[in-house]
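Examining the three-dimensional arrangement
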Amino acid sequence: MDPQVFFPAVKTEVVEIAQRNKALGYRFAQMHCVKTPSEMFIIYTFEKLDLSIEQYRLPAETDGAVPSVSGVFLAAVLYENEISELYGVEFTGLALDFAGTLYETAKPRAFAEVATPVKKTPVKKAAAAEKTKVDLKKPAEEKAPINLKKPADGGGN
Amino acid sequence: MGERTIIPFGPQHPVLPEPLHLDLILEDEKIVGAVPSIGFIHRGLEKLVEKRDFQEMAFVIERICGICSFIHGQGYVQTIEAVMGVEIPERAKYLRSFWGELSRVHSHLLWLGLMADAFGFESLFMHCWRVREKVLDIFEETTGGRVIFSVCKVGGLWKNVDGDTLRRIGGVLKDVDKDIRPLADVFMRDYTVQKRCVGLGVLTKEEAFQLGAVGPMLRASGVAMDARKLGYAAYGNLEFEPVTENAGDCQARIAVRVREIYQALDIMRQCIEKMPGGEVATTVKGNPQGEYLSRLEQPRGEAVYYGKGNGTKYLDRFRVRTPTFANLIPLLHIIPGCDLADVPLLALTIDPCISCTER
């Protein structure tokens, strides 16, 4: 597939970009935040009736402030609240501010730290096989029969 | 001005398949505002992508939701394939389209049943879910699962379906078509259904477009946007047009979903007729490096998938924008002005999938 274009944007222009796209017949499709060890940015996607899209990349930082586009596109309000809650980016001028209660994660700003990949401990095949090996010559252990007359532990008055 | 009361709706409610909370602001019986509250089943699945091998993540992404699971899996692998420049075999594209449309039939029948239950038509609900069982049986036969299928992988598919099985399934789908017709007649023509749904929750064409509505919620207002027209998988070779209605009310959304079931059955017939031979997977080497945003048409509407790789087997980011997330704001727009008793129908009219919304 052809590589996609992400136009660079700056904070002071983001509302103007939204207004310009609205005038050109675009609507707000989605926005999301990306945080890597080396950078953090917000992607805005606008789409038209013919399914064509325009995308913008805005550098951002946790505890930084970005003007909200919810005054232009009300649809952006949930996305901005989500980014604010999960990444700690503040959006100024939000049409509806959930004040951190949209998801109410146990850990605040849960997506703001980049996770460390889980390193799997290699399992030695022979050792694993030894543990689960069944000795067919040894008879199965006899289990005590269940006494149906005796009540189960903790039950009954 | 009447006295204002706040009535909570959800998160547990008989009509809600998943938890969603609305604080309904009422003046007498009329609703004047609604404030949503979600987050009951937020699992942070997008965050998990940083810690899991990108090949394994396909199994996690399709577990975002049980109803939309196939297309979530397809969206994920399609995005990663675009990042890596992988071209999958033609047969895999057709099978993905086939299973995608089968998901659409399954999802719409499920929703029609829930909607019937919401307006008190229990026998109609049971008939819809009875017919749905045939669709789930097809899933089980072809993929091994009724809810989670695990057939999509980066590079194609894990499973193939032979020609004889496909032809026999074609016959089953004709039976499904016959079974749905009397139910569709009830949804489209029954007096009690019309009385309940016509004129309820009207969303105009301009409102639907500007508020970001997607899927049947958008098309029922007369906007012909369908992400399948982008031509992903085999859709570029299949003949179909977006199903639209103009009234923008609950009845129009029912009509769109009923007609989309027939459209999906026709698309599956085309897939079976045009299915090419050959393999269903290609070998994938290396790790994703780069970013891509792809869009697919879930039964509920356009879903957006964004993936960013850094050359290792762990992705930097995977983002899923689900259709219900986009339809929540239009829902808040259509609720004011309606009666309290209409809220369950309105909540269901967007076909809410809260598991998808919160991920």
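Details of the structure are given in the entry above.
This section reports on the structure supplied with the text. (Residues numbered from 1 in each chain as written. Chains lettered and ligands numbered in written order. Predicted model: local features only at pLDDT ≥ 70, side-chain atom pairs only at ≥ 80, totals over all residues. Heavy atoms only, no water.)

**Looking at the overall build of chain B**
Regarding its fold elements, chain B presents 12 helices and 8 strands. At 20 Å, chain B has a C-alpha radius of gyration in line with the 21 Å of a compact globule built from 359 residues. Across its three principal directions, the C-alpha atoms of chain B cover 65 × 45 × 35 Å. For chain B, the proportion of its 359 residues judged to be buried stands at 64%. Across chain B, contacts joining residues at least 24 apart in sequence account for 71% of those joining residues at least 6 apart. Carbon and sulfur atoms form 51% of the exposed surface of chain B, whose accessible area is close to 12600 Å². For chain B, the distance from the average position of its 43 positive side-chain charges to the average position of its 47 negative side-chain charges is 4 Å. (Helix = DSSP H or I, 4+ residues; strand = E, 2+ residues; numbered from the N terminus. Rg over C-alpha atoms; globule rule 2.2 N^0.38 Å. Buried < 20%, exposed > 50% of the residue type's maximum accessible area, 1.4 Å probe, protein only. Contact = heavy atoms within 4.5 Å. Areas by Shrake-Rupley, 256 points an atom, 1.4 Å probe, with all protein chains shown as cover. Lys, Arg positive; Asp, Glu negative; His and termini not counted. Charge placed at Lys NZ, Arg CZ, Asp CG, Glu CD.)

**A look at the packing of helix 2 (residues 69–84) of chain B against helix 3 (residues 90–118) of chain B**
Residue and element names in this part refer to chain B. With their axes 9 Å apart at the nearest point, helix 2 and helix 3 run at an angle of 145 degrees to one another. Every pair of crossing elements has a handedness; the one defined by helix 2 and helix 3 is left-handed. Judged by residue contacts, Phe 70, Ile 71, Gln 74, Val 77, Gln 78 and Glu 81 of helix 2 engage Arg 96, Trp 99, Gly 100, Ser 103 and Arg 104 from helix 3. Taken together, the residues that form the contact of helix 2 with helix 3 break down as 4 nonpolar, 4 polar and 3 charged. (Axes fitted to C-alpha atoms, helices over the stretch in contact; angles between N-to-C directions. Left-handed = near helix turned anticlockwise from the far one by under 90°. Nonpolar A, V, L, I, M, F, W, Y, C, P; charged D, E, K, R; others polar.)

**Digging into the sheet that holds strand 7 (residues 301–310) of chain B**
All names here are of chain B. Here we have 3 strands laid out as an open sheet, ordered 6-7-8, and antiparallel in their pairing. A single partner strand is all that each edge strand has here, and the edge strands are strand 6 (289–298) and strand 8 (315–321). On average, adjacent strands in this sheet sit at an angle of 10 degrees to one another, irrespective of strand direction. When strand 6 meets strand 7, the two strands line up antiparallel, connected through 10 bridges. When the sheet's bridge partners are listed, Glu 291 is paired in strand 7 with Lys 308. (Pairing = 2+ DSSP bridges.)

**Some details on the packing of aromatic side chains**
Residue and element names in this part refer to chain A. Evaluated as defined, the whole model comprises 17 aromatic pairs over all chains. On the basis of an interplanar angle of 65 degrees and a centroid distance of 5.3 Å, the ring pair of Phe 28 and Tyr 79 is categorised as edge-to-face. Here Tyr 79 lies in helix 2 (residues 76–87) and Phe 28 lies in strand 2 (residues 27–35), a separation of 51 residues in the sequence. The class for Tyr 79 is buried, based on a relative accessible area of 2%. (Phe/Tyr/Trp six-rings, centres within 6.5 Å; stacked < 30°, edge-to-face > 60°.)

**A few points about the sheet that holds strand 4 (residues 53–59) of chain A**
In sheet architecture, strand pairing relies on hydrogen bonds along the backbone and comes in two forms, parallel and antiparallel. All names here are of chain A. Ordered by their spatial adjacency, 4 strands build an open sheet running 1-4-3-2, and the pairing between neighbours is mixed. With partners counted over all chains shown, the strands left at the sheet margins are strand 1 (7–8) and strand 2, one partner each. With 2 bridges joining them, strand 1 and strand 4 adopt parallel strand pairing. Bridge pairing in strand 4 links Pro 8 to Arg 57. Against the sheet, helix 1 (residues 14–23) contacts strand 3 (40–47) and strand 4, and its axis sits at roughly 175 degrees relative to strand 4. Across the face of the sheet, helix 2 comes into contact with strand 2 and strand 3 while running at roughly 5 degrees to strand 2.

**Quick look at the interface of chain B and chain A**
How big an interface is tends to be stated in terms of the accessible area lost upon association of its parts. Every contact between the two is made by 47 residues of chain B and, on the other side, 51 residues of chain A. Between chain B and chain A, the buried area comes to about 3900 Å², and carbon and sulfur atoms account for 61% of it. Considering only the surface of chain B that becomes buried against chain A, Lys 47, Phe 209 and Leu 293 of chain B emerge as the three largest contributors, covering 14% of it. At the boundary of chain B with chain A, the tally comes to 4 salt bridges. For Glu 39 of chain A, the salt bridge is made with Lys 308 of chain B, and the minimal N-O distance between the two is 4.0 Å. Viewed at the interface, chain A and chain B are joined by 14 residue pairs in polar contact (both at pLDDT 80 or more). For the side of chain B that touches chain A, a count of residues per class yields 22 nonpolar, 7 polar and 18 charged. (Buried area = accessible area lost by both parts, 1.4 Å probe. Salt bridge = Lys/Arg side-chain N within 4 Å of Asp/Glu carboxyl O. Polar contact = N/O pair within 3.5 Å; in protein donor to acceptor, adjacent residues only side chain to side chain.)

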